[in-house]
Amino acid sequence: MARPSTSSTVTARAQPAARRNALPGRLSPGMVCDTAFRIIARRHLDAVLAQHDGTCRGDPEALHQIRIALTHLRTAIRFFSPMVDDALRPEVWTELKWLNSQLGMVRDLDVAIDRVIAESGGDLTVIAELQHWDEKRAESHRLLARALQSARYRHLVEQTSAWIESGPWSTRRSKEAIRLRRCTLADHATAQLTEWETTLLKKARKLRKLDVEKRHKLRLLNKRLTYSIESLEDLFADESLTKQKSILKQLRKAQKSLGQLNDDARGQALAASLNEAVPEAGIRFLNRKRAKKLLRTASDAYRKLDRAKPFRSADLAPNAEPED
């Protein structure tokens, strides 16, 4: 009989907590926030588990998808702060951050290698260079696979699943804690999306003056807003879908450009580690014309987003009666 994979074993252990409280399949505007958080967080934790085996096998697409799912999960935790800010949250957050760092190195190498291949044109020198990149990628993947099959990873999944279901945040009896849990999703979402969009656009006005680190932080804000809107897709009625899609279009356009700029910066850093073997490796990631074009694309997207009407309460029908 085949031995169950780490993914299936962890999933099986995580399921009993999920089964204790059956949840609706979709979000709704009048749904209370504690129920909404569980639905969203479980979706993304399940998506992480679904890509576990493929990532362990070295599938680049599985790696990409598990990182997206993990970022969605971390965004959901931020989105429902301060409701979920209990004594256990820092530990859960630290472990999710650890997992993200394990995945990040291999993903950065995949992106850098794709860039090298795209520009090789059959050049024998570049093909020889790729061998060094591939060796570095293979070693990083070995470390990642070990992390994903570790007791620490299994504990992370089990702890996170239990915390989502019945962490201390879910039973605190203070008036404020109860108010946060009972707040309708639409009310909370409208306030949070408005706050994050305002912050993003304010910082985006200075985009061309930002250094690499600050530009990366802007990119994270962009991703946070994008992923939150995506997670709330169930809430948008037909008449609001056009607005949602329009906003997401500009956010994704900016995200893509900022992501490529970040990939270039990471590629330069990774290439520096190959300097002894490949002295010129970092040059291919330096392209001022490309950087200027990417910044212009992102700036244009933010200008269009700034002209769009921000999310209003009517978009999410917050006056619906609270639902358990």
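Residues numbered from 1 in each chain as written. Predicted model: local features only at pLDDT ≥ 70, side-chain atom pairs only at ≥ 80, totals over all residues. Heavy atoms only, no water.

Caption draft 1: Here's a closer look at the packing of aromatic side chains. In this structure the tally under the stated criterion is 5 aromatic pairs. On the numbers, 5.8 Å between centres and 80 degrees between planes, the contact of Phe 37 with Trp 163 is edge-to-face. In this pair, Phe 37 sits in helix α2 (residues 33-50) while Trp 163 sits in helix α7 (residues 151-166), placing the two residues 126 residues apart along the sequence. On the basis of relative accessibility, which here comes to 0%, the residue Phe 37 falls in the buried class. For the ring pair Phe 79 and Trp 196, a centre distance of 5.7 Å and an interplane angle of 80 degrees mean the geometry is edge-to-face. (Phe/Tyr/Trp six-rings, centres within 6.5 Å; stacked < 30°, edge-to-face > 60°. Helix = DSSP H or I, 4+ residues; strand = E, 2+ residues; numbered from the N terminus. Buried < 20%, exposed > 50% of the residue type's maximum accessible area, 1.4 Å probe, protein only.)

Caption draft 2: Inspection of the packing of α2 against helix α4 (residues 60-79) at higher detail. The contact between α2 and α4 brings their axes to 8 Å, and the two run at 160 degrees. Viewed along their axes, α2 and α4 adopt a mutual orientation that is roughly antiparallel. Note that α2 runs across α4; the crossing there is left-handed. In this structure, α2 uses Phe 37, Ile 40, Ala 41, His 44, Leu 45, Ala 47 and Val 48 to contact α4, whose residues at the interface are Ile 66, Ala 69, Leu 70, His 72, Leu 73, Ala 76 and Ile 77. When the residues that make up the contact of α2 with α4 are grouped by side-chain class, the tally is 12 nonpolar, 2 polar and no charged. (Axes fitted to C-alpha atoms, helices over the stretch in contact; angles between N-to-C directions. Parallel < 35°, antiparallel > 145°, perpendicular 65-115°, else oblique. Left-handed = near helix turned anticlockwise from the far one by under 90°. Contact = heavy atoms within 4.5 Å. Nonpolar A, V, L, I, M, F, W, Y, C, P; charged D, E, K, R; others polar.)

Caption draft 3: Representation of helix α8 (residues 175-182) in the model. Among the residues of α8, Ala 177, Leu 180 and Arg 181 are the ones counted as buried. Looking straight down α8, one finds that the buried residues subtend no more than 95 degrees of arc, so they occupy a single side. Here the buried face of α8 lies against α2. (Arc of directions from axis to C-beta.)

Caption draft 4: How the structure looks around α2. Taking 1.5 Å as the rise per residue, α2 with 18 residues should run 26 Å; its terminal C-alpha atoms sit 26 Å apart, in good agreement. Within α2, 14 of the 18 residues are buried, which leaves the element mostly enclosed by the surrounding structure. (Expected span 1.5 Å × (residues − 1).)

Caption draft 5: Structural view of the nonpolar core. With 71 residues, the main nonpolar core has Leu 27, Phe 37, Phe 80, Leu 232 and Tyr 302 as its most contacted residues. With 9 residues, the top contributor of residues to this core is α2. Excluding its chain neighbours within four sequence positions, the residues that come into contact with Leu 27 are Ala 36, Ile 39, Ile 40, Arg 43, Leu 185, Ser 231, Leu 232, Asp 234 and Leu 235. One finds Leu 109, Ile 113, Leu 130 and Trp 133 within the second-largest nonpolar core, a separate group that totals 7 residues. (Core = buried A, V, L, I, M, F, W, Y, C linked by side-chain atoms within 4.5 Å.)

Caption draft 6: View of the side chain of Gln 192. Mapped onto the secondary structure, Gln 192 falls in helix α9 (residues 185-204). Residue Gln 192 is classed as buried on the basis of its relative accessible area, which comes to 8%. Contacts of Gln 192, omitting those with residues within four sequence positions, involve Arg 78, Phe 79 and Ser 81.

Caption draft 7: Examining the environment of Glu 91 more closely. Tracing the sequence through the fold places Glu 91 in helix α5 (residues 89-118). Filtering out sequence-adjacent residues up to four positions away, Glu 91 remains in contact with His 155 and Gln 159.

Caption draft 8: Representation of the pattern of salt bridges. The final tally for this structure, using the stated rule, is 13 salt bridges. A salt bridge links Arg 152 to Glu 95; the nearest nitrogen and oxygen atoms lie 2.8 Å apart. With Arg 152 in helix α7 and Glu 95 in helix α5, the pair connects residues that are 57 residues apart, well separated along the chain. For Arg 290, the salt bridge identified is with Asp 264, shortest N-O distance 2.8 Å. (Salt bridge = Lys/Arg side-chain N within 4 Å of Asp/Glu carboxyl O.)

Caption draft 9: Spatial organisation of the confidence of the model for the protein chain. For the protein chain, the average pLDDT comes to 85, and 80% of its residues sit at 70 or higher. Contacts from residues 1-9, a stretch scored under 50 in pLDDT, to residues over four places away or in other chains number 9 contacts. Residue range residues 11-20 is modelled with pLDDT below 50. Its contacts to residues more than four positions away, or to other chains, number 11 contacts. (pLDDT = per-residue confidence, 0-100.)

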